[in-house]
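# Inside the fold
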Amino acid sequence: FVPKLTQAQCERERKMCKIKSLKTDFIRLGFHAQEVDQVFASPEIDKLLLLLEEESGEEGGNHLQPLTLWNGELLKNVIARFEESSSQEDTLVSDQGAEQEVEEKDLREEEIEVLEAIYAEGFQLLSNTNSSSSEGTSCTDNDNLHYRIEVTPTQPLYMKQHDASTNANNICHLHVIANRRGYPLSLPPLLWFTNSILPPALLRRVNIQLQKKARELTGQPSVFGLMEYLAEGLASWQTQYMEEEGLTQEQVERSDTEEYNYQRQKLRAAGKPYTHQHILIEQQRLTDETNKQRQEQVCFEAKTLTSRSAGKFLHQQMHERIEEEVDAAGRRAMNDALCRGEGSDEARKATEAAVKEMRK
């Protein structure tokens, strides 16, 4: 006879299953188990699980979880643990005032506009994907900037035949949490690269490279530069990883399915002109087209950011010059009135009249 579980015991079992499933998902993304355990040891994890139950009841799950879970806060905390454990440098801390926060907010808004214009459908804002409607969060809320961008490597990634046949498996994304205090002037954004096929060890290696590059670009909006860096280096990082693990392309090809070998034999029998030289020429053509598109994107972004920055600078400079002239006219008017022997009230009125005249 096995006694039935009480309601409290059932709740605990369900809670443990959810925690175990989420931990597995994060480890699959390239995080270490110790980093994930530290985040899930937080007392706020109960709040997260409660929110997860409400969302699964309303929407039936989310294909982006755990990346968008808790409005991206869970991913943000795990990335912070990853930075602490993987970085050789001291932990970065932002020390800023209110004026710098306003400037950083404006820079983040401008960066999102540029990224949306460049990547179009490849850009997706995730800030409100899992946010509660009772909070009244807006998609343009600068305090909840979590978005992802589709990454297109300049050289195609090497996949096994049964993996390459599924287009969804070849899609790469860069998740960005840009509302980090201090970004972009003093800190890099929180980033995480994802792919459903690449092994966790390779994903972690890629994200370590991204973290190093992001620190080098601190002081300016860096997401576009990191996208270019990621697209150009991804294939070489995968090749290096395969060589270190002893997984050469020949070994992987020999382990492909019999169906793939059969299809390859059919192509050869049909006399398809897939010679090595043709493949090289086609790869070079695709590479040249991709490089040309990226150069156009870089020029577009440079022109957009430069024109906006120049316009703001000129506007501010003109405003400061006008204010200086207005102040000088007011001082001259007050000095003249006092020299004429007028009282302070008359001098103040003369000053106000001069300022008003200058502002016309």
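Here's a quick rundown of the structure. (Residues numbered from 1 in each chain as written. Predicted model: local features only at pLDDT ≥ 70, side-chain atom pairs only at ≥ 80, totals over all residues. Heavy atoms only, no water.)

## Side note on helix α12 (residues 344-359)
- Taking 1.5 Å per residue as the helical rise, α12 with its 16 residues ought to reach 22 Å, and the 23 Å between its terminal C-alpha atoms agrees with that figure.
- Every buried residue of α12 is accounted for by Ala347, Thr351 and Ala354. End-on, the buried residues of α12 take up no more than an arc of 65°, which puts them together on one face. Turned more than 90 degrees away from the buried face of α12 sit Lys349, Lys356 and Glu357, all of them exposed. (Helix = DSSP H or I, 4+ residues; strand = E, 2+ residues; numbered from the N terminus. Expected span 1.5 Å × (residues − 1). Buried < 20%, exposed > 50% of the residue type's maximum accessible area, 1.4 Å probe, protein only. Arc of directions from axis to C-beta.)

## Some thoughts on the pairing of strand β4 (residues 190-195)
- Buried residues dominate β4, accounting for six of its six residues.
- Alternating positions in β4 separate into two faces, Leu190, Trp192 and Thr194 on one and Leu191, Phe193 and Asn195 on the other, with burial throughout.
- Where strand β3 (residues 172-177) and β4 come together, six bridges link them in antiparallel fashion. Note on β4: the bridge partner recorded for isoleucine 177 is leucine 190. (Pairing = 2+ DSSP bridges.)

## Thoughts on the side chain of threonine 194
- Structurally, threonine 194 can be placed in strand β4.
- When near neighbours in sequence (up to four residues on either side) are disregarded, threonine 194 contacts Leu29, Leu67, Ile171, Cys172, His173, His175 and Leu203. (Contact = heavy atoms within 4.5 Å.)

## Remarks on the packing of helix α1 (residues 7-28) against helix α2 (residues 33-40)
- Between α1 and α2, the least distance of the axes is 9 Å, while the angle of their chain directions is 140°. On the basis of their axis angle, the class for α1 and α2 is oblique. Here α1 and α2 pass one another in a crossing that is right-handed. Facing Ile19, Leu22, Lys23, Phe26 and Ile27 of α1, the residues of α2 in contact are Ala33, Val36, Asp37 and Phe40. (Axes fitted to C-alpha atoms, helices over the stretch in contact; angles between N-to-C directions. Parallel < 35°, antiparallel > 145°, perpendicular 65-115°, else oblique. Left-handed = near helix turned anticlockwise from the far one by under 90°.)

## With respect to the pattern of salt bridges
- The final tally for this structure, using the stated rule, is eleven salt bridges.
- Salt-bridge contacts for lysine 23 lead to aspartate 37; the nearest nitrogen and oxygen are separated by 3.2 Å. Of this pair, lysine 23 sits in helix α1 while aspartate 37 sits in helix α2, and the two are 14 residues apart along the sequence.
- The class of lysine 23 is partly exposed, set by a relative accessible area of 24%.
- Here lysine 213 and glutamate 216 are joined by a salt bridge, their closest N and O atoms 3.8 Å apart. Here lysine 213 pairs with glutamate 216, and both are found in helix α7 (residues 200-216), just three residues apart, close to one helical turn.
- Residue classification places lysine 213 among the partly exposed positions, given a relative accessible area of 25%.
- Judged by relative accessible area, which is 59%, glutamate 216 ranks as exposed. (Salt bridge = Lys/Arg side-chain N within 4 Å of Asp/Glu carboxyl O.)

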